[in-house]
Amino acid sequence: MSELIAVTGATGRIGGRVVRRLAGAGLPVRALGRDPEKLAALPTGDTRTASYADTAAMGAALAGADTLFLVSAHEGPGRVRIHSAAVDAAVAAGVRRVVYLSYLNAAPHATFTYARDHWHTEQHIRSTGVAFTFLRDSSYQADLAAMTSPDGVLRGPAGDGRVGAVTHDDIADSAAAVLRATDGAHDGVTYDMTGPQALSFAEIAAALAAASGRPVRYVPETRDEAYASRAVYQAADWEVEGWVTSYEAVATGEMEDVSDDVQTLTGRPPQSFADFLAAHPESYRHLRRD
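Below, the structure is looked at part by part. (Residues numbered from 1 in each chain as written. Predicted model: local features only at pLDDT ≥ 70, side-chain atom pairs only at ≥ 80, totals over all residues. Heavy atoms only, no water.)

**Let's talk about the overall build of the chain**
Inference 1: Within the chain, the secondary structure is distributed over 12 helices and 11 strands.
Inference 2: At 19 Å, the chain has a C-alpha radius of gyration in line with the 19 Å of a compact globule built from 290 residues.
Inference 3: In the chain, the share of contacts with a sequence separation of at least 24, taken over all contacts with a separation of at least 6, comes to 76%.
Inference 4: By element, 50% of the accessible surface of the chain is carried by carbon and sulfur atoms, the whole surface being about 12,600 Å². (Helix = DSSP H or I, 4+ residues; strand = E, 2+ residues; numbered from the N terminus. Rg over C-alpha atoms; globule rule 2.2 N^0.38 Å. Contact = heavy atoms within 4.5 Å. Areas by Shrake-Rupley, 256 points an atom, 1.4 Å probe, with all protein chains shown as cover.)

Written out as structure tokens, the structure is:
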């Protein structure tokens, strides 16, 4: 009998893709999320409504599961605590393996503040003694397109740094490959999930311009300029810091890694940014035609 795989964030961009891949392969998969209507649309009859912060609900939702695919919670000051509670609930429910969607170069002093949360979550998972695999993803290619303003400006303090951005589909395919394996081959392994090349923000802007047929340019900012240009959103301090430091991590070289781990896990090379844009014109549809 196949092991039961529980997938959190099952209505999101990664979790939903993973559920569809596992269900399509005929594997028993339980989809966890907060919206029962969205869960009902997934191709599995086994769904549970639960949030990470509700330990009792998480424990009940994970009863009988062998493996947990843990998609990180939305950013916030208490994210590590919420992750830890979800992991503890999984262990108490009898889950024997955790596959965690982490972040590239997660470290306690990473430039990107959210990457620090991922490192602390990894350490907590290690401390439980359960088998684990960490998938450390780079920035998402779709997000690079979304970060460009409607008037065709991509701005931030990334300097001349480069980023090996990856697609959601490549992450989902890699995660599904790890989750399907029951022989322990991936236990204790950390995989870096990147695209096939590291691009500067000037090159990213050029790729968007070529795909859209519209002018797109990269405008480097200083840290002060980056904070000032984002003040209009009136977001919380921790959130703005996350936005700004995501660019600064590119400038420091923390996002330039290019790995062959996607190909190792899936048997095919990861998708390039140009190919992603060609396949997903909706990703840059917000750019105006001036």
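**Some words on the pattern of salt bridges**
Inference 1: Applying the stated rule across the entire model yields 16 salt bridges.
Inference 2: The residue Asp 117 makes a salt bridge to Arg 79 at a minimum N-O spacing of 3.5 Å. Of this pair, Asp 117 sits in helix α5 (residues 113–128) while Arg 79 sits in helix α4 (residues 79–92), and the two are 38 residues apart along the sequence.
Inference 3: The structure contains a network of salt bridges with shared partners spanning Arg 17, Arg 21, Asp 169, Asp 170, Asp 173 and Arg 268. (Salt bridge = Lys/Arg side-chain N within 4 Å of Asp/Glu carboxyl O.)

**Concerning the sheet that holds strand β9 (residues 189–193)**
Inference 1: Strand order in the open sheet made by the 7 strands is β3-β2-β1-β4-β5-β6-β9, with parallel pairing throughout. With one partner strand each, in any of the chains shown, β3 (47–49) and β9 form the two edges of the open sheet. Across this sheet, the average inter-strand angle for adjacent strands is 20 degrees, counted without regard to direction.
Inference 2: Across 3 bridges, strand β2 (residues 29–33) lies against β3 in parallel orientation. Across the sheet, residue Leu 32 finds its bridge partner in β3, namely Arg 48. (Pairing = 2+ DSSP bridges. Axes fitted to C-alpha atoms, helices over the stretch in contact; angles between N-to-C directions.)

**Considerations on the packing of aromatic side chains**
Inference 1: The tally for this structure, following the rule as stated, stands at 8 aromatic pairs.
Inference 2: Seen in terms of ring centroids, Phe 112 and Tyr 114 are 5.0 Å apart; in terms of plane orientation they differ by 55 degrees. Their pairing is tilted.
Inference 3: We classify Tyr 114 as buried; its relative accessible area is 9%.
Inference 4: A connected cluster of aromatic rings, assembled from ring pairs, spans Tyr 103, Phe 112, Tyr 114 and Trp 238. (Phe/Tyr/Trp six-rings, centres within 6.5 Å; stacked < 30°, edge-to-face > 60°. Buried < 20%, exposed > 50% of the residue type's maximum accessible area, 1.4 Å probe, protein only.)

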